[in-house]
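# Reading the structure
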Amino acid sequence: MSVQEINKHAVLPPIISRSDKEFLECMQRYIITEIEKVGCNEEGPADEYYIIYRNVFNKVIDYVTAYKSILTSIKKEYDTFIETLKKDRRTAFFLHGKLKVLAAEPTSLVYYQRRIIQLEAKIRIIENNSLKIQLQIDQMRQLKAEYDTKEAKYYIFSKDPSKPIPGMTLQDSVNLVALRKYRKHLEDKYREIKQAMLVKYVPIQRMADFDEEMIVLLKRRDIAENLNEKLQFRFNELISLGEYEKAAYFAANSPRRILQNMGSVDKFKAVGKIRGKTLPLLLFFEAIFSTSHAFKHPVDADLTLEGIKCGLSEKRLDLVINWVTQEKLTFSEKAGDVICDYGEQDTFNKSKCLALAQNIYSDCGLHKKALFCLCKQGQIHGAVEYIHQFKDFTSDDLIKLITLCPQTELIQCLTEEKNGKLPFLSFGLAILHLFSVNMEKVGIKLLQEVNKGGKDAVERLVISDSYCSIENWQKFANICFQNGFDKLSNDIMSILRSQAGVSEISEEDDTINLMEHVFW
């Protein structure tokens, strides 16, 4: 071969320019720096290692001008190869886990078989013990039957007719009337004992039926316990996964309200608040209250109280109103108190809270608090009708009411006659009470109203008030005089002196009643 032919087929090494050399050194430094940052090497973690070299490949392709298409094709094959490797790794990991599960199945089967053997051994022990106990019961029954037979024979032959009848004297035992009376007494006692035997005792034959019923009840209990455990595990799983709304409705629809208890409330309380989302505890109460009509019995008082507290703490008075008026709940005094306290803080919705609390108090039979709510709302005529309806308010109750709600309209309605019926409260005693508890302004306002009616109105008031004694009317007149109502004071004293049969009023005698002249 000639020299020309040799030179023709020779491959010259690429000439590396200075800029190329600097680029390659820069890439080498980049690789070392990135590997140190992520802490990987050729052994792993592989993902970061692949990403670093893929970035270097992209930089090389962007830098070169020749062979760009070839390098791009190589880069594509490199990426495809890497993705294939990752996919194979995922597949291998999945198959490894599946292999572990399959390998564990024989072990689980062995454990189950061992548990079956243990339970069968326990069943045999229980059956043997039951057989022994049954034999003992049969022996005791036989002994009792023999004893009863002997006792009956003894009583049959041991009675002596010549002896006196127990419980009767010798004289009564020969008295026909006394004997009939004693016979009736014995017959009544026999019926009572027979009825008691039917109620308190059962025949021995019924024991087998009771045993069967007990077995059925125990089976039901076991089924219920298993169901409870299963439902509890699904409920706890939803809580742990953060599916609070699903957990709330799962608890609300649980059979026989198994999950509607304070334990579930505590679990939702433990979650707390989540930014941007409804409070999980509120979701729970919304769910159980909205499904309350699906059950025979209403939601219990503790859950009702906690739900109302939760709704008010979240400023959801609208929900509480809907729950109280529409849903099937059990109310309590504490629930009404909580709503009243909330109304004191939220003055804008105070009237709504009072109306809501009044409904709760009425439902609980707490009529004094219900009446107070009506008065606080300004529904004076409604309060008077409420008093007419229930009629179990004492004068002390009404005195406390006007102390808490010192409204002139209320006091006038309570102290005036209506349809010929006596007033609920003495006007004189009411005025004396108001001045004794530093409510002079209300008392003076009432005195002004009385003063407008003239002497005739005052006379009707004094004569019709059968609860206020003469001494109290004296005190009443002194109060009028001290507060500038001279004419009213003189009118009262004049009326007192003009009554027929009334003697001079002394300070010591506080038992004289103004109406005593009626009986003279």
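None of the values given here were measured: they were computed from a predicted structure. (Residues numbered from 1 in each chain as written. Predicted model: local features only at pLDDT ≥ 70, side-chain atom pairs only at ≥ 80, totals over all residues. Heavy atoms only, no water.)

The full count for this structure, using the stated rule, is 14 salt bridges. The residue R18 makes a salt bridge to E22 at a minimum N-O spacing of 3.8 Å. Within this pair, R18 and its partner E22 are both found in helix 2 (residues 18-38), separated by four residues, close to a single helical turn. Residue classification places R18 among the exposed residues on the basis of a relative accessible area of 71%. The salt bridge partner of K184 is D188, with a shortest N-O separation of 3.3 Å. On the criterion of helical spacing, the pair formed by K184 and D188 is a turn pair, its members being four residues apart in helix 5 (residues 176-200). Through salt bridges with shared partners, a single network forms among K184, D188 and R191. (Salt bridge = Lys/Arg side-chain N within 4 Å of Asp/Glu carboxyl O. Helix = DSSP H or I, 4+ residues; strand = E, 2+ residues; numbered from the N terminus. Buried < 20%, exposed > 50% of the residue type's maximum accessible area, 1.4 Å probe, protein only.)

A separate point is the packing of helix 11 (residues 317-326) against helix 13 (residues 350-364). Describing two packed helices takes the angle between their axes plus the distance from one axis to the other. At their nearest, the axes of helix 11 and helix 13 sit 11 Å apart, and the two run at 25° to each other. Taken together, the axes of helix 11 and helix 13 are roughly parallel relative to one another. As for how helix 11 packs across helix 13, the hand of that crossing is left-handed. When helix 11 is examined against helix 13, the residues L317, V320, I321, V324 and T325 are found in contact with a partner set consisting of K352, C353, L356 and I360. For the contact of helix 11 with helix 13, the per-class residue count stands at seven nonpolar, one polar and one charged. (Axes fitted to C-alpha atoms, helices over the stretch in contact; angles between N-to-C directions. Parallel < 35°, antiparallel > 145°, perpendicular 65-115°, else oblique. Left-handed = near helix turned anticlockwise from the far one by under 90°. Contact = heavy atoms within 4.5 Å. Nonpolar A, V, L, I, M, F, W, Y, C, P; charged D, E, K, R; others polar.)

With that settled, consider the packing of helix 7 (residues 244-252) against helix 9 (residues 280-290). Remark: helix 7 packs on helix 9, axes separated minimally by 8 Å, with the N-to-C direction vectors making an angle of 30°. Overall, the two elements helix 7 and helix 9 adopt an arrangement that is roughly parallel. In this structure, helix 7 meets helix 9 at a crossing whose hand is right-handed. Note on element contacts: helix 9 touches helix 7 through P280, L283, F284, A287 and I288, opposite Y244, E245, A248, Y249, A251 and A252. Of the residues that constitute the contact of helix 7 with helix 9, the class distribution is ten nonpolar, no polar and one charged.

Below, the discussion takes up the confidence of the model for the chain. Taken residue by residue, the chain gives an average pLDDT of 79. The fraction at 70 or more is 86%. Under a pLDDT of 50 for its full length, residues 1-13 has, in the predicted model, one contact with residues more than four places off or in other chains. A low-confidence stretch, residues 500-520 stays under pLDDT 50, and its non-local contacts, those more than four residues away or across chains, total 27 contacts. (pLDDT = per-residue confidence, 0-100.)

So, on to the nonpolar core. Counting 93 residues, the largest nonpolar core has F268, F285, I339 and I492 as its most contacted members. Among the nonpolar cores identified, the runner-up in size contains seven residues, and M27, I31, I52 and V56 belong to it. (Core = buried A, V, L, I, M, F, W, Y, C linked by side-chain atoms within 4.5 Å.)

Glancing now at helix 15 (residues 380-390). Along an α-helix, residues three or four apart share an orientation, since each turn contains 3.6 residues. Turning to helix 15, its buried residues are I380, A383, V384, Y386 and I387. Taken around the axis of helix 15, the buried residues stretch over an arc of 155°, which confines them to a single face. Facing away from the buried side of helix 15 by more than 90 degrees, the exposed set consists of H381 and Q389. Check the buried side of helix 15 and you find it contacts helix 13, helix 14 (367-376), helix 16 (395-404) and helix 17 (408-415). (Arc of directions from axis to C-beta.)

Describing an aromatic ring pair means giving the distance of the ring centres and the angle of the ring planes. A full pass over the atoms with the stated rule returns eight aromatic pairs. Residues F57 and Y78 carry aromatic rings whose centres are separated by 6.0 Å and whose planes lie at 50° to one another, so their mutual orientation is tilted. Of this pair, F57 sits in helix 3 (residues 46-63) while Y78 is found in helix 4 (residues 68-158), placing the two residues 21 residues apart along the sequence. Its relative accessible area of 23% is what places Y78 among the partly exposed residues. A network of ring pairs unites the aromatic residues F235, F268, F284, F285, F289 and W323 as a single cluster. Note that K59 overlies the ring of Y30, its terminal NZ or CZ placed 5.1 Å from the centroid. (Phe/Tyr/Trp six-rings, centres within 6.5 Å; stacked < 30°, edge-to-face > 60°. Lys NZ or Arg CZ within 6 Å of the ring centre and 35° of its normal.)

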